[in-house]
Amino acid sequence: MPQASATMNVMIAAARKAARALARDFGEVENLQVSRKGPSDFVSSADIKAEKTIFEELSKARPGYGFVMEERGVVEGTDKTNRWLVDPLDGTSNFLHAIPHFAISIGLEREGVLVAGVVYNVVRDELFWAEKGMGAYLNDRRLRVAGRSDMRDALFATGTPFHGKPGHAKALGEIERVIAKSAGMRRFGAAALDLAYVAAGRFDGYWERGLNAWDIAAGAVLVREAGGVVTEIDGDDFMKTGAVVAANERLLPALTQAVRGS
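Residues numbered from 1 in each chain as written. Predicted model: local features only at pLDDT ≥ 70, side-chain atom pairs only at ≥ 80, totals over all residues. Heavy atoms only, no water.

## Some words on the packing of aromatic side chains
Aromatic rings considered in pairs are described by the distance between their centres and by the relative angle of their planes.
Here comes step 1: Inspection of the entire model under this criterion finds nine aromatic pairs.
Here comes step 2: Between phenylalanine 55 and phenylalanine 67, the ring centres sit 4.7 Å apart and the planes meet at 50 degrees, which makes this aromatic pair tilted. Here phenylalanine 55, found in helix H2 (residues 40-61), pairs with phenylalanine 67, found in strand S1 (residues 65-69); they are 12 residues apart in sequence, far enough to count as distant.
Here comes step 3: The class of phenylalanine 67 is buried, set by a relative accessible area of 2%.
Here comes step 4: Here a set of aromatic residues connected by ring pairs shows up, and it is made of Phe128, Phe188, Tyr197 and Phe203.
Here comes step 5: Lying across the ring of phenylalanine 55, arginine 72 places its NZ or CZ 4.0 Å from the centre.
Here comes step 6: Taking the ring centre of tyrosine 197 as reference, the NZ or CZ of arginine 202 above it sits at 4.7 Å. (Phe/Tyr/Trp six-rings, centres within 6.5 Å; stacked < 30°, edge-to-face > 60°. Helix = DSSP H or I, 4+ residues; strand = E, 2+ residues; numbered from the N terminus. Buried < 20%, exposed > 50% of the residue type's maximum accessible area, 1.4 Å probe, protein only. Lys NZ or Arg CZ within 6 Å of the ring centre and 35° of its normal.)

Following this line, the structure appears as structure tokens:
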């Protein structure tokens, strides 16, 4: 593995420790999937356990850092310049249905700037990691975004709102416009992994609205350090609005235009 900073090693260690329990729990979910009750409560417990592990490991290694976490919410730290953004189980619905496509996502924000990210695909043992100015990696291999420049050759990913949330019609319109101009689209149900896949060149681009900061943080660092661009769909701050679009710099304008319908 390329030389990582002490902080990155802390992030990786926390992700790997939480992953061990998630992997065991995933095996149980596969068994529970056939039960009448269903595994919803079990998955919630797995999510909380993973978050607790990450919280404890990061707090021990970097006391005073703040947190923004899916389950705990905002945890203020004595160090006001650093905070972790953590999704302990990105792709919960996939986990719930025993689909092996989910990840742990840990981002680090320093003085309002995203500076480091880890996205760990537990089942495939794929560790995506990046630090500002140091490049992006998959395990020990350097990552670069795909080099395609023609929408017609490009494969994109997106997400759609969960049941009961607004925006379905808008999302379907965006999907229709992008599909009409591209080689296709995928909806895998794990935002952090979608961004990691853009960084790895597996997807040419990705967009989604209605995300949370912990969904985006680590993946945004990965894409940028792999040579891509991450922006807000309508030009605002994606960490505040949750509306993100990512691609290489040549495809980004066309993808953004198609998503906006402009």
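On we go from here.
## Comments concerning the pattern of salt bridges
Here comes step 1: Tallying each qualifying case throughout the model produces 14 salt bridges.
Here comes step 2: Notably, a salt bridge pairs glutamate 57 with lysine 60, separated by 3.7 Å at the nearest N-O pair. In this pair, glutamate 57 and lysine 60 are both assigned in helix H2, three residues apart and thus about one turn of the helix distant.
Here comes step 3: In this structure lysine 60 comes out as exposed when scored by relative accessible area, which is 62%. (Salt bridge = Lys/Arg side-chain N within 4 Å of Asp/Glu carboxyl O.)

## Describing the side chain of aspartate 194
Here comes step 1: Here aspartate 194 shows up in helix H5 (residues 191-199).
Here comes step 2: Residues in contact with aspartate 194, not counting those within four places in the same chain, are Ala157, Thr158, Phe188, Phe203 and Tyr206. (Contact = heavy atoms within 4.5 Å.)

## So, the sheet that holds strand S3 (residues 79-90)
Adjacent strands of a sheet pair through backbone hydrogen bonds, lying either parallel or antiparallel.
Here comes step 1: Here we have eight strands laid out as an open sheet, ordered S2-S1-S3-S4-S5-S6-S7-S8, and mixed in their pairing. Every other strand in the sheet has two partners, leaving strand S2 (73-75) and strand S8 (141-142) as the edge strands with one partner each.
Here comes step 2: The pairing of S1 with S2 spans three bridges and is antiparallel. Directly across from valine 68, in S2, lies its bridge partner valine 74.
Here comes step 3: Of the strands in this sheet, S1, S3, strand S4 (103-110), strand S5 (113-121), strand S6 (126-131), strand S7 (135-138) and S8 are in contact with helix H6 (residues 213-225), which crosses S5 at around 100 degrees. (Pairing = 2+ DSSP bridges. Axes fitted to C-alpha atoms, helices over the stretch in contact; angles between N-to-C directions.)

## Considering the sheet that holds strand S9 (residues 155-158)
Here comes step 1: Overall, mixed pairing links the five strands, which are arranged S10-S9-S11-S13-S12 in an open sheet. Two strands bound the open sheet, and with one partner strand each, they are strand S10 (184-186) and strand S12 (229-232). The mean inter-strand angle of the sheet, taken between neighbouring strand axes irrespective of direction, is 20 degrees.
Here comes step 2: When strand S11 (residues 205-208) meets strand S13 (residues 244-247), the two strands line up antiparallel, connected through four bridges. Bridged to glycine 205 within S13 is alanine 247.
Here comes step 3: Strands in contact with helix H4 (residues 168-181) are S9, S10 and S11; relative to S11, the strand with the most contacts, it is inclined by about 165 degrees.
Here comes step 4: Its contacts with the sheet place H6 against S12 and S13, and it is angled at close to 135 degrees to S12.

## Quick word on the environment of tyrosine 120
Here comes step 1: Position of tyrosine 120 relative to the elements: it lies in strand S5.
Here comes step 2: By relative accessible area, tyrosine 120 is classed as buried at 6%.
Here comes step 3: Through-space distance from the C-alpha of tyrosine 120 to that of isoleucine 104 is 5.1 Å; in sequence the pair is 16 residues apart.
Here comes step 4: When near neighbours in sequence (up to four residues on either side) are disregarded, tyrosine 120 contacts Ala15, Arg16, Ala19, Phe102, Ala103, Ile104, Asp125, Glu126 and Leu127.

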